[in-house]
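What follows is each chain in one-letter form.
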Amino acid sequence: MTARGQTNLLTVEGVSVSFDGLHGPVQVLDDINFTIGSGEIVGIVGESGSGKSVTSLAVMGLLGAQGKIDSGRIVLDGADLTALTHKEMRGVRGRDVAMIFQEPSTSLNPVLPVGFQIAEVLTEHFDTSAAEARKKAIALMDRVGIPAAGSRADDYPHQLSGGMKQRIMIAMALACRSKLLIADEPTTALDVTIQAQILSLISDLRNDYGMAVLLITHDMGVIAEMADRVIVMYAGQVVEQSPADSLFQHPLHPYTRLLLRSIPSARSKQAVLPMIEGTTPPPTDLPGGCRFHPRCPIAADLCRDGTPSLQTVGSNHAARCKRLDEDYSLLDAGLGVAL
Amino acid sequence: MVGYAMRRILGLVAVWFIAVLLTFIAVQFVPGDPILALLSDRSGDPVLEARLRAEYGLDRALWVQFLDYLGNIANGTFGLSFRFAGTPVIDVIAGGLTISPVLALVSIAIAVPLGVSLGVFVAIRQNTWADTLVILILVAGISVPNFAMAAFLVYLFSIKLGLVPVAGWGGADQLILPVTILVIPPTAYIARLTRTYMLEVLQQDYIRTARAKGVRERLVIYRHALRNTLVPLLTTIGIIFGGLLSGTFVVETIFNIPGLGRMAIESIFARDYPVTMSIVLLFTVFYSLINLIIDLLYAALDPRIRLDAGES
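Predicted model only: the values in this text are computed from it and were never measured.

Chemist: Whenever I open this one, the sheet that holds strand S8 (residues 212-217) of chain A confuses me. Can you help?
Modeler: All names here are of chain A. Here eight strands make up an open sheet; going across it, the order is S6-S7-S8-S3-S9-S10-S12-S11 and the pairing mixed. Only two strands of the sheet have a single partner each, and these edge strands are strand S6 (97-100) and strand S11 (311-313). Across the sheet, the mean angle separating the axes of adjacent strands is 20° when strand polarity is ignored. Packing against the sheet, helix H1 (residues 52-60) makes contact with strand S3 (41-45), S6, strand S7 (180-184), S8 and strand S9 (229-234), and its axis sits at approximately 150° to S7.

Set out below in structure tokens:
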């Protein structure tokens, strides 16, 4: 069910993750399943605390000492990453999967020249000399659109703008021609014009190198522009999953419908941007039944008991809601949305 | 960088002048007449007293005495000692001139790498038994005063075990105990700070980036984290160095080492003000130069720090 590639590059299968809390382990991801085809851009959306960043860190093997994958498999290009040793996983990071982060300003080491920080990816993964790696780093900087790359390679991060720093991060991610790029809120900290440039750079790289992208964002606008397929997460679970056009045309889960309603539109006459009442529950205090029911305007009694499962509707659209089979128009009246 | 250093040295000259002025004023408030002390049993000889007063310039107006003192600093004699009548101060302290600075420099040269390594060692083992044990020892190292530690170590290693000499100066074996005692507190202090700073740096986004790039953990620590840890640590090393200098006063006295520290103590008891003043001044100059070097090192460690103002 991949939009572009024929094969699944990444398969995340039944992954649950917990972190050590003060009173024992706390589950933050519950049975996550999704795939990414080669060259495909898959977006994960959700509010803060939905588990989207933890999902990406689990794929990277960067959950830290407190985090643990309790069950499930993460298969990248045929290899189960959860079965790898720390040392083997280090070899995968930066080479097969690369990652860029939300804050380019704090994500680069302030005391090392940017060219060196790119070159380091090559010297760590391949038998490349420092001089050769530097040459390649300059070529990569040139590729991601940094003017006068040769002289900027010796600059330190504080000498570059936020957009330039994110380009440096992308150059790092590109260094080993990784098959998968995980971009965790890559444009959130940047201003709007720079956002557009960075997004178009990411989609160029996908087109030129066939790099698959896992794009994590809370911005439905970014998803609409970039993603082939979308995963909507809420409180550590996938609540909806579908091709992007299908999601925007026929969102199924009430949460998704409310998220889409909160995209500001230039044509909209609304004075106040609609929002979703309440906040994501903390993983230590999840409601029983459907995890979204306390905030759901159309929650019924059946939503309060028994966790809904992810049900497939049509060929490739799935949602985790007990009222999927009911009449849309009635539900929309309850949600106060017209989609 | 050179321009910055020159400006800083000019500033230091002002600091040194204030140090000279303050010590000069302080000595004026010390009770007791040095000339009477010098005469001792021959006090009551007004001719000799007047001759000595004239020789030391103590019969002149205070501001003239101050100018005399500045002149004596400029010509390198630092005036005449009271205790060794007629001897220039420089000849009195010449023997010890290098001992205290060398002791302090050797100690800091051992304490910094040792403290940093210990700090990194425990930081990457946070909350393990090794961490707890080392922290406990470090707290003891900071808390026990150096004279008490000296008494204990002399008793154990010199008297009971007979491994090293009790005191004295000249042989390499006589260096071991005094340097150990000077090294322990700054090492413990530096190790604790390194641990704290390292744990903070390891939380930073750029450390996550380094790991996401697949950088080996050893390089994550030593290439990416350590240098960022050293920047805040450097500030405290200047302060630690001051403590080390005053530590030489105690250690030199306990181990009978003929350095400036012991001479300062002796000259205070002997009311040999010119010697005391000169040693205070020398320590001020030494301490301020060390801090200048530390400020210059900042720029070498952290590219965000620009020493030459103007560009931004």
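Chemist: Help me understand unusual backbone geometry in this model?
Modeler: What you tend to see is this: most non-glycine residues have negative phi, and most peptide bonds are trans. In this model, A:Asp31 sits at a positive phi of 55°, which is unusual for a non-glycine residue. Of note, A:Asp31 is situated in strand S2 (residues 24-37). Judged by its relative accessible area of 38%, A:Asp31 is partly exposed. In the Ramachandran plot, B:Phe78 falls in the positive-phi region, its phi being about 60° despite a non-glycine side chain.

Chemist: I tried to follow the nonpolar core on my own but got confused; where do I start?
Modeler: One recurring pattern in soluble globular proteins is that nonpolar side chains are buried together. Ranked by size, the top nonpolar core spans 76 residues in total, and within it A:Leu10, A:Phe34, A:Ile168, A:Leu180 and A:Ile182 carry the most contacts. With seven residues, the top contributor of residues to this core is helix H7 (residues 162-174) of chain A. In contact with A:Leu10, not counting residues within four places along its chain, are A:Phe34, A:Thr35, A:Ile36, A:Val59, A:Ile74, A:Val75, A:Leu76 and A:Leu180. Formed by 75 residues, the second largest nonpolar core is a distinct cluster that contains B:Phe24, B:Ile35, B:Ile108 and B:Ile221.

Chemist: Which parts of the structure should I look at to understand the side chain of A:Thr128?
Modeler: All names here are of chain A. Relative to the helices and strands, Thr128 resides in the loop between helix H4 (114-125) and helix H5 (130-143). For Thr128, a relative accessible area of 16% gives the class buried. Setting aside anything within four residues of it in sequence, one finds Thr128 in contact with Leu122, Thr123 and Ala133.

Chemist: Looking at this structure, how should I read the sheet that holds strand S5 (residues 79-80) of chain A?
Modeler: In a beta sheet, neighbouring strands pair by backbone hydrogen bonds and run either parallel or antiparallel. Residues and elements named next belong to chain A. In space, the four strands of this open sheet follow the order S2-S1-S4-S5, with antiparallel pairing throughout. Single-partner strands in this sheet number two, and they are S2 and S5. Note: strand S1 (residues 8-21) against strand S4 (residues 67-76), eight bridges, orientation antiparallel. Its bridge partner being in S4, Phe19 is matched across the sheet by Gly67.

Chemist: For this particular structure, what's the right way to read the environment of B:Leu292?
Modeler: Residue and element names in this part refer to chain B. For Leu292, the position within the fold is in helix H13 (residues 273-301). Through-space distance from the C-alpha of Leu292 to that of Ile9 is 8.1 Å; in sequence the pair is 283 residues apart. Those residues in contact with Leu292 that sit more than four places away from it in its chain are Arg8, Ile9 and Leu12.

What counts and how
Residues numbered from 1 in each chain as written. Chains lettered and ligands numbered in written order. Predicted model: local features only at pLDDT ≥ 70, side-chain atom pairs only at ≥ 80, totals over all residues. Heavy atoms only, no water. Pairing = 2+ DSSP bridges. Helix = DSSP H or I, 4+ residues; strand = E, 2+ residues; numbered from the N terminus. Axes fitted to C-alpha atoms, helices over the stretch in contact; angles between N-to-C directions. Contact = heavy atoms within 4.5 Å. Buried < 20%, exposed > 50% of the residue type's maximum accessible area, 1.4 Å probe, protein only. Core = buried A, V, L, I, M, F, W, Y, C linked by side-chain atoms within 4.5 Å.

None of the figures reported here should be taken as evidence of function without further support.
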